[in-house]
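Here is what each chain is made of, one letter per residue.
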Amino acid sequence: MTLDDVFNRLWIDYTNQNPSARRIYELFTNSGEKVLNDHIAFRTYDDPRINIDVLSRIFIEHGYSAKGKYTFEDKHLFARHFEHKTDKNAPRVFISELKTKDFSDFLQKTVKDILDQVPLVKFKSDELIFSGNIWGIPDYETYIKLRNESEYAAWVYVYGFRANHFTVNINALKNLNTIEKVNEFLKSNGFLLNSSGGEIKGTKAELLQQSSTLADHVNVEFADRITSIPACYYEFAQRYPDTDGSLYSGFIAKSADKIFESTDYYKK
Ligand code: NI
């Protein structure tokens, strides 16, 4: 499996599940833009069987190395980002993990129980990051209880291992080359943006600005019902030069904190 194969598989699964991401990608390409990815993101729990170290393994094997570390206090997350050592066009990979010990016994036991059902060989497989939910059909009541503690925990419980979002590299676009232009383009085509903390997260002074769509709602099969819940979102990132003249390559925890809420909009 080449690195391109890895990203293509993730992209196909992601766009099959989230048709609006495919429509946005097509809008960009139909208007003459070539879309490169700034980063793709995964979510997981901090259990040593499936934590950041485990999910990042396939990328390390394909030439990536670990870069920044990030802590999200409010959401009880830790994250790392990875960059390819030589291929500057390869997307960054951003992986976060939920600090399960910060949560209730119920949440911790649920995570342990679902993982205990999975044969160890699956955690060691190169297929892991493509494998989605490997613990079987989720239970709706459990989902709601998890969601009351952590929307992130509930998302991972239902969707498991897959790209949570792809992120368009705005710097690589020809005409839609600012985040303001991208946001207007999306809104004029009828897409909803995550406006938690403002449509644009981050400032030029922080060297990274990001925006995102609200996640598509998709039908999910639970043990006793099929119901529609948020899935994945599409993100857009513009980077600015650091003092040494090269584009800033890290992430801003304060901004990403609000981006996580792109899958959390039942309350409206
Ligand atoms: Ni992101």
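For the structure itself, consult the block above.
K.L.:
Give me the lowdown on the overall build of the protein, citing residues and values where you can.
P.N.:
A tally of helices and strands in the protein yields 10 helices and nine strands. The C-alpha atoms of the protein give 18 Å as radius of gyration, which agrees with the globular expectation for 268 residues (18 Å, within 12%). Considering only C-alpha atoms, the protein reaches an extent of 50 × 40 × 35 Å along its principal axes. Long-range contacts, defined here as pairs at least 24 residues apart, represent 67% of the contacts in the protein between residues at least 6 apart.

K.L.:
Describe in detail the sheet that holds strand β3 (residues 77-84), supporting the description with residues and values.
P.N.:
Spatially, seven strands are ordered β2-β3-β4-β1-β5-β9-β6 in an open sheet, and the strand pairing comes out mixed. Bordering the open sheet on either side are β2 (64-72) and β6 (208-212), each of which pairs with just one other strand. Between one strand axis and the next, the sheet turns by 25° as a mean value, whatever way the strands run. Direction of pairing for strand β1 (residues 37-45) relative to strand β5 (residues 165-169): antiparallel, over a ladder of four bridges. Paired with His-39 across the two strands is Thr-167, which belongs to β5. Helix-sheet contacts for helix α2 (residues 19-30) involve β5 and β9 (233-239), and the interaxial angle to β9 is about 40°.

K.L.:
Explain the packing of helix α5 (residues 105-116) against helix α7 (residues 140-149) to me, using residue names and the numbers behind them.
P.N.:
For the pair α5 and α7, interaxial distance at closest approach is 10 Å and the crossing angle is 130°. Judged by the angle between their axes, α5 and α7 are oblique. Judged by the sense of rotation from one axis to the other, the crossing of α5 with α7 is left-handed. For the pair α5 and α7, the contacting residues are Phe-106, Leu-107 and Thr-110 in the first and Thr-142, Lys-145, Leu-146 and Glu-149 in the second. Among the residues making up the contact of α5 with α7, the classes are represented as three nonpolar, two polar and two charged.

K.L.:
Account for the nonpolar core, naming residues and giving values.
P.N.:
In this structure, Leu-10, Phe-28, Phe-59 and Tyr-234 are the most contacted members of the largest nonpolar core, which totals 84 residues. The element best represented in this core is helix α8 (residues 151-159), accounting for eight residues. Not counting the four nearest positions on each side in its chain, Leu-10 is found in contact with Ile-40, Phe-42, Phe-59, Ile-129, Phe-130, Ala-163 and Phe-166.

K.L.:
Describe the pairing of β1, and please don't skip the residues or the numbers.
P.N.:
Extensive coverage of β1 is indicated by the burial of eight of its nine residues. Pairing of β1 with strand β4 (residues 92-98) involves seven bridges; the strand directions are parallel. Across the sheet, the residue bridging to Phe-42 is Ile-95, located in β4.

Rules behind the numbers
Residues numbered from 1 in each chain as written. Predicted model: local features only at pLDDT ≥ 70, side-chain atom pairs only at ≥ 80, totals over all residues. Heavy atoms only, no water. Helix = DSSP H or I, 4+ residues; strand = E, 2+ residues; numbered from the N terminus. Rg over C-alpha atoms; globule rule 2.2 N^0.38 Å. Contact = heavy atoms within 4.5 Å. Pairing = 2+ DSSP bridges. Axes fitted to C-alpha atoms, helices over the stretch in contact; angles between N-to-C directions. Parallel < 35°, antiparallel > 145°, perpendicular 65-115°, else oblique. Left-handed = near helix turned anticlockwise from the far one by under 90°. Nonpolar A, V, L, I, M, F, W, Y, C, P; charged D, E, K, R; others polar. Core = buried A, V, L, I, M, F, W, Y, C linked by side-chain atoms within 4.5 Å. Buried < 20%, exposed > 50% of the residue type's maximum accessible area, 1.4 Å probe, protein only.

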